[in-house]
Amino acid sequence: MPEPSEAELVVTGVDTHDWGATEDDEEQVLRDLGYVLNPLTGIYEGDGHPDPDAREDGGA
Amino acid sequence: MLEAARATLGMKGRPNTITRDYARRNGDEFLSAAWCDQAVTYWARQSDNVAAVLPKGDRAYTVWHAQDGQKLGRWFAGTAANLKAHAKPGAIVFFDWKGGDAIGAVDHVGVVERNLGDGRVQTIEGNTGDACKRRVRSASVIAGFWNPEYGLEDDVPEVVSLGAGQDQKVAAGAEMVVRWHTEFTDDPKAHGDDGVAVRASGTRWCVCDALVKIGGLQPGDELDVAWSRYDRDGEKFLDDAWRLTCHADSTGRVEVSLGGQLSLSTTNQLRLRVLNSSPRPATVEKVTTARIALFKR
């Protein structure tokens, strides 16, 4: 039996649930981080407050 | 990496820019497929982090992408303690909605934007509700994560070798862009998809060389050959990076090697042009070839 292709594996195994559980305080956390809700898109936008850990990633 | 992810916040629906980019290299079946890992692939390619984030190449299947990190010895199980201690901005984080830590059960993926320091992370994810959004996630749904070695440079340049493959006519007093019917490269869908353009996946310094053979002229006839840059979509000419005026030899032929160095980025593309100023049609012969080496800057 041939190995399934990546496309077949994606269809059966990736994001078959549209929504994963998020945290109850998600919106409050995002606001506290300095992001701003765009009411038209529902997206929290902006750069937020400076992140003291941002340099740890070595260039991410 | 994070800048590239932020730039896609708000993208939604499918097909979209991310799935089109993935499908262009990997097949149309990805146009409407789950796109969370296609998004990670897109961000890595847009930010020149392919070597660090995609050690085995493009990924749409999250399980394989998690295994890539595991094989590098970089995998951390998704415990609160591991998240608190090791999840760095830019980490690739994998989710199992059933709450397990098994790689084989991974459902979804995103990238860590911030470690909240309390065993949770704030992420950017593609295909969360069919959109690209910021999220807050805890160990209860995180199977694991790995920190790519950002700053990792590819040791060798990408090299694309092209062949005209067919004779191509240039009318008298006209110009044409050489169409490449043959591509010899390790990554055959990375360049020349529309047959004329070479597109870089990031900012690149290019060393290019074309061996152009043209017939059908009379001795002394004049024409120009040029490596030309256009905007990304190929609709607007930008400049001739290297251009050479040639004259037909005693047999009515031009054989010229046109080399040069130039920069490419994600905003432009490269084409080889022939501008025939002679009073008769010319033929760019099928044996015309080109080789372009693309170095990271």
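Cut-offs applied
Residues numbered from 1 in each chain as written. Chains lettered and ligands numbered in written order. Predicted model: local features only at pLDDT ≥ 70, side-chain atom pairs only at ≥ 80, totals over all residues. Heavy atoms only, no water. Helix = DSSP H or I, 4+ residues; strand = E, 2+ residues; numbered from the N terminus. Buried < 20%, exposed > 50% of the residue type's maximum accessible area, 1.4 Å probe, protein only. Areas by Shrake-Rupley, 256 points an atom, 1.4 Å probe, with all protein chains shown as cover. Lys, Arg positive; Asp, Glu negative; His and termini not counted. Charge placed at Lys NZ, Arg CZ, Asp CG, Glu CD. Core = buried A, V, L, I, M, F, W, Y, C linked by side-chain atoms within 4.5 Å. Contact = heavy atoms within 4.5 Å. Disulfide = S-S within 2.5 Å. Pairing = 2+ DSSP bridges. Axes fitted to C-alpha atoms, helices over the stretch in contact; angles between N-to-C directions. Parallel < 35°, antiparallel > 145°, perpendicular 65-115°, else oblique. Nonpolar A, V, L, I, M, F, W, Y, C, P; charged D, E, K, R; others polar. Polar contact = N/O pair within 3.5 Å; in protein donor to acceptor, adjacent residues only side chain to side chain.

Visitor: Can you break down the overall build of chain B residue by residue, with the values?
Guide: In terms of regular secondary structure, chain B is built from six helices and 17 strands. For chain B, the spread of C-alpha atoms along the three principal axes comes to 80 × 35 × 30 Å. Counting the 297 residues in chain B, one finds 56% classified as buried. Total accessible area computed for chain B in this model is approximately 11,700 Å², and 47% of it derives from carbon and sulfur atoms. Each charge class in chain B can be summarised by its mean position, and for the 38 positive and 39 negative side chains these summaries are 5 Å apart.

Visitor: Account for the nonpolar core, with residues named and values stated.
Guide: By size, the foremost hydrophobic cluster in this structure holds 43 residues, and its most contacted members are Val10 of chain A together with Met1, Phe30, Trp43, Val53, Ile92 and Phe94 of chain B. Top contributing element to this core by residue count: helix H3 (residues 36-46) of chain B, with six residues. Leave out the neighbours within four places in its chain, and phenylalanine 30 of chain B touches Glu6, Ala7 and Val10 of chain A together with Thr19, Tyr22, Ala23, Gln38 and Ala60 of chain B. If you look at the next biggest cluster of nonpolar residues, it comprises 33 residues, including Trp180, Cys208, Val225 and Ala290 of chain B.

Visitor: Residues and numbers for the state of the cysteines, please.
Guide: All names here are of chain B. The tally for this structure, following the rule as stated, stands at zero disulfides over all chains. With no disulfide partner, cysteine 36 has as its closest neighbouring cysteine sulfur the one in cysteine 132, 11 Å distant. Cysteine 208 forms no disulfide, and the closest cysteine sulfur to it belongs to cysteine 206, at a distance of 6.9 Å. Given the relative accessible area of 2%, cysteine 208 is considered buried.

Visitor: Account for the environment of alanine 241 of chain B, with residues named and values stated.
Guide: Residue and element names in this part refer to chain B. You can see alanine 241 is positioned in strand E13 (residues 237-247). Given a relative accessible area of 23%, alanine 241 falls into the partly exposed group. Considered as a pair, alanine 241 and glycine 260 are 19 residues apart in the sequence and their alpha carbons are 7.9 Å apart. Setting aside anything within four residues of it in sequence, one finds alanine 241 in contact with Trp227, Ser228, Arg229 and Leu262.

Visitor: Please set out the sheet that holds strand E15 (residues 268-276) of chain B residue by residue, giving values where relevant.
Guide: All names here are of chain B. Sheet architecture is open: four strands sit in the order E9-E15-E12-E13, paired in antiparallel fashion. The open sheet has two free edges, formed respectively by strand E9 (175-177) and E13, since each of these has just one partner strand. Between one strand axis and the next, the sheet turns through 25 degrees on average, direction left out of account. Where strand E12 (residues 222-231) and E13 come together, nine bridges link them in antiparallel fashion. Within E13, the residue paired with valine 225 across the bridge is leucine 244.

Visitor: So what's going on with the packing of helix H2 (residues 17-26) of chain B against H3 of chain B? Which residues, and what values?
Guide: All names here are of chain B. Where H2 contacts H3, the two axes come as close as 9 Å, and the packing angle between them is 80 degrees. Relative to H3, H2 is oriented roughly perpendicular. Residues Thr17, Ile18, Thr19, Asp21, Tyr22 and Arg25 of H2 form the contact with H3, whose participating residues are Gln38, Ala39, Thr41, Tyr42, Trp43 and Arg45. Of the residues that constitute the contact of H2 with H3, the class distribution is five nonpolar, four polar and three charged.

Visitor: Give me the side chain of glutamine 122 of chain B: which residues, what numbers.
Guide: With respect to the element layout, glutamine 122 of chain B can be found in strand E4 (residues 120-125). The class of glutamine 122 of chain B is buried, set by a relative accessible area of 0%. At 2.9 Å, the side chain of glutamine 122 of chain B forms a polar contact with the side chain of tyrosine 35 of chain A. Those residues in contact with glutamine 122 of chain B that sit more than four places away from it in its chain are Leu30, Leu33 and Tyr35 of chain A together with Val111, Val112, Glu113, Arg114, Leu116, Arg134, Arg135 and Val136 of chain B.

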